[in-house]
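What the coordinates show
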Amino acid sequence: MEANMPKRKEPGRSLRIKVISMGNAEVGKSCIIKRYCEKRFVSKYLATIGIDYGVTKVHVRDREIKVNIFDMAGHPFFYEVRNEFYKDTQGVILVYDVGQKDSFDALDAWLAEMKQELGPHGNMENIIFVVCANKIDCTKHRCVDESEGRLWAESKGFLYFETSAQTGEGINEMFQTFYVSIVDLCENGGKRPTTNSSASFTKEQADAIRRIRNSKDSWDMLGVKPGASRDEVNKAYRKLAVLLHPDKCVAPGSEDAFKAVVNARTALLKNIK
Ligand code: GTP
Ligand code: MG
């Protein structure tokens, strides 16, 4: 039996699953769960101490699903408490705050912590991850845009939703899709169905978009040395244009990256004799 297989009460009908929340302190993990389960929002910050546990029932297709939710504390101080709760999980809600770049950058470290706790025999492949880009109501402070978050999530085969625990935007859709994906996983013998497990774009495309987004100038964007010749610029441009052309690339952010590459080439060629 797969390590991540949930416990069944009546075969084929009811299912019991375990879901955990992960992400930095204060990103809104508890509020997202509260918004879904209790339909309310609390604006005062009440840090989770260690772990909060709750049970809820949901229906997916004709099945009753009993969901055990373990809401983790994000503060590093609680590492010792939360580390034993990673195992036997079918779904992970991975949250960051769109106004806190640190919380987005920390997502890799959260995955690493989980991987480490599951040990060498743990299998992260057969867990459904949903990434919540939370606090989208705070538009003024937003510093991680949708395409950046979506690119990170989808390049790992994770679901991605824009959410606000405050207004409720995206919350029901996120949970609905998340639970359906977990049921699909359970009905597939505890393995992620192949259709959901791979991104519809390549790692090379995702890496190129990230590099272009973080480049410091037009030379850097095209990946050529400052002072490169027209030929070198054109060659680098053509390679990126083929990789990211909107007709061929569906990766989030590819259109903006393609436009940026076109502009970078134009700017450089203007000044090269
Ligand atoms: P820890 O338990 O410490 O790990 O934090 P957490 O991730 O559970 O954060 P929590 O849900 O407690 O929310 C932190 C703060 O952010 C609280 O003051 C919430 O009211 C606020 N908050 C959460 N979600 C949203 C949101 O979508 N929009 C806005 N504006 N504030 C939010
Ligand atoms: Mg909390």
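Here the residue index of a chain counts from 1 through its sequence in written order. Working convention: letters from A go to chains and numbers from 1 go to ligands, in the order in which they are written. In view of the model being predicted, local features appear only for residues whose pLDDT reaches at least 70, and side-chain atom pairs are presented and counted only at 80 or more, with totals across whole chains, interfaces and linings using the full set of residues. To obtain the side-chain values, all non-hydrogen atoms of the structure were included, while hydrogens and water were left out.

Once that is clear, we can look at the packing of aromatic side chains. Only Phe, Tyr and Trp rings take part, Trp by its six-membered ring, and two of them pair if their centres are within 6.5 Å. Stacked means planes under 30 degrees apart, edge-to-face means over 60, and tilted covers everything else. Per the counting criterion, the structure on display carries eleven aromatic pairs. When the ring of Tyr-53 is compared with that of Phe-70, the centres are 4.8 Å apart and the planes differ by 45°; the resulting orientation is tilted. Separated by 17 residues along the polypeptide, Tyr-53 in strand S3 (residues 51–60) and Phe-70 in strand S4 (residues 63–72) bring together distant segments of the chain. Between the aromatic rings of Phe-70 and Phe-85, the centroid separation amounts to 5.5 Å while the plane-to-plane angle is 40°, which identifies the pairing as tilted. Here Phe-85 lies in the loop between helix H2 (79–82) and strand S5 (91–97) and Phe-70 lies in strand S4, a separation of 15 residues in the sequence. Any residue under 20% of the maximum accessible area for its type is buried, any over 50% is exposed, and the rest in between are partly exposed; the area is computed with a 1.4 Å probe on protein chains only. With a relative accessible area of 14%, Phe-70 lands in the buried category. Elements are defined by DSSP. Helices are runs of H or I of four residues or more, strands are runs of E of two residues or more, and each kind is numbered from the N terminus.

This part covers the site of ligand 1. Near is defined per residue: the residue qualifies when any heavy atom it owns lies within 4 Å of the molecule or strand. In the region of ligand 1, 25 residues are neighbours, and Lys-29, Val-42, Tyr-45, Gly-74 and Ala-165 sit closest. Whenever a nitrogen or oxygen atom comes within 3.5 Å of another N or O atom, the pair is scored as a polar contact, on the condition that within protein one atom can donate a hydrogen and the other can accept it, and that pairs from neighbouring residues in sequence are kept only if both atoms are in side chains. The contact in question runs from an oxygen atom of ligand 1 to an N or O atom on the backbone of Val-27, over 3.3 Å. With respect to ligand 1, the backbone of Gln-166 contributes an N or O atom lying 3.3 Å from an oxygen atom. In isolation ligand 1 offers 650 Å² of accessible surface; the protein chains occlude 93% of this area. Each cavity reported here is a set of points on a 1 Å grid over the protein atoms alone in which a 1.4 Å probe fits but cannot get out, each pocket an open set with protein on both sides within 12 Å along at least five of seven lines, and each lining residue one with an atom within 4 Å of a point. To be counted as sitting in a cavity or pocket, a molecule needs more than half of its atoms within 2 Å of that site's grid points. The cavity where ligand 1 resides is the largest pocket. Residue burial considers only the protein chains on display, and all accessible areas are found by Shrake-Rupley using a 1.4 Å probe.

We note that Arg-61 has phi near 50°; this positive angle belongs to a residue other than glycine. Its location among the elements puts Arg-61 in the loop between S3 and S4. The backbone phi angle of Lys-135 is positive, close to 70°, even though this residue is not glycine. You can see Lys-135 is positioned in the loop between strand S6 (128–134) and helix H5 (146–154). Since its relative accessible area comes to 25%, Lys-135 is described here as partly exposed.

With that settled, consider the layout of surface pockets. Of the pockets and cavities examined, the largest pocket occupies roughly 760 Å³. For the largest pocket, the lining is made up of 38 residues, of which Gly-28, Lys-29, Ser-30, Cys-31 and Leu-46 are closest to its centre. For the lining of the largest pocket, the secondary-structure elements that each account for two or more residues are helix H1 (29–38), S3 and S4. Grid points are joined across faces, edges and corners, and a volume is the space filled by probe spheres set on the points.

This part is about the coordination of the magnesium ion (ligand 2). In this analysis a donor is any N, O or S atom within 2.8 Å of a metal ion (3.2 Å for sodium, potassium and calcium), and since water is not included, sites may seem incomplete. Around the magnesium ion (ligand 2), the protein contributes the donor atoms Ser-30 (OG) and Thr-48 (OG1), which lie 2.0 to 2.1 Å from the metal centre. Of this pair, Ser-30 sits in helix H1 while Thr-48 sits in the loop between H1 and S3; the two residues are 18 residues apart in sequence, bridging distant segments of the chain. Owing to a relative accessible area of 21%, Ser-30 belongs among the partly exposed residues under this scheme. The exposure class assigned to Thr-48 is buried, which follows from its relative accessible area of 10%.

Now for the packing of H5 against helix H8 (residues 203–213). Contact pair H5 / H8: the axes reach a minimum separation of 11 Å and the direction vectors enclose 145°. Considering the relative orientation of H5 and H8, their crossing is left-handed. Contact residues: H5 offers Ser-147, Glu-148, Leu-151 and Trp-152, while H8 offers Ala-206, Ile-209, Arg-210 and Arg-213. To obtain an axis, a line is fitted to C-alpha atoms, over the contacting stretch when the element is a helix, and the angle between two such axes runs from 0 to 180 degrees between their N-to-C directions. Throughout, a crossing is termed right-handed when the near helix is turned clockwise from the far one, and left-handed when it is turned anticlockwise from it by less than a right angle. Contact between two residues is taken to exist if any of their heavy atoms lie within 4.5 Å; hydrogens are not considered.

With that settled, consider the state of the cysteines. Disulfide assignment relies on a single distance test, namely cysteine sulfur atoms paired within 2.5 Å. Taken as a whole, this structure holds zero disulfides when the rule is applied. Counting only cysteine sulfurs, Cys-31 is the nearest neighbor of Cys-132, a cysteine outside any disulfide, at a range of 12 Å. Of the residues examined, Cys-132 reaches a relative accessible area of 0% and is grouped as buried. Unpaired in this structure, Cys-186 has its nearest cysteine sulfur neighbour in Cys-37, at a distance of 18 Å.

With that out of the way, let us pick up the environment of Phe-175. Its place among the elements puts Phe-175 in helix H6 (residues 171–187). On the accessibility criterion, Phe-175 (0% relative accessible area) is buried. A sequence separation of 14 residues divides Phe-175 from Phe-161, and the C-alpha atoms of the two residues are 9.7 Å apart. Excluding residues that lie within four positions of it along the chain, Phe-175 makes contacts with Ile-32, Ile-33, Tyr-36 and Ile-93.

Turning our attention to the UniProt feature "domain: J" (unreviewed entry) in the chain. UniProt positions are given in the numbering used here, feature names are shortened, and annotations may be inferred rather than shown by experiment. Residues given the UniProt feature "domain: J" (unreviewed entry) here are residues 217–273. Across residues 217–273, helical content stands at 67% and strand content at 0%; the span's end C-alpha atoms are separated by 19 Å.

All right, on to a positive patch on the surface then. A cluster of basic side chains, namely Arg-211, Lys-235, Arg-238 and Lys-239, defines a positive patch on the protein surface. Looking at the positive patch, the element that brings in the most residues is helix H10 (residues 230–244), giving three residues. In this fold, Lys-239 is placed in helix H10. Residue classification places Lys-239 among the exposed residues on the basis of a relative accessible area of 63%. Surface patches are drawn from residues lacking salt bridges whose relative accessible area is over 30%; two like charges belong together within 9 Å, two nonpolar side chains (Val, Leu, Ile, Met, Phe, Trp, Tyr) within 5 Å. Here a salt bridge means any side-chain nitrogen of Lys or Arg lying within 4 Å of a carboxyl oxygen belonging to Asp or Glu. Positive charges come from Lys and Arg alone, negative charges from Asp and Glu alone, with His and the N- and C-terminal ends not counted. Where a charge lies is defined by one atom per residue type, namely NZ (Lys), CZ (Arg), CG (Asp) and CD (Glu).

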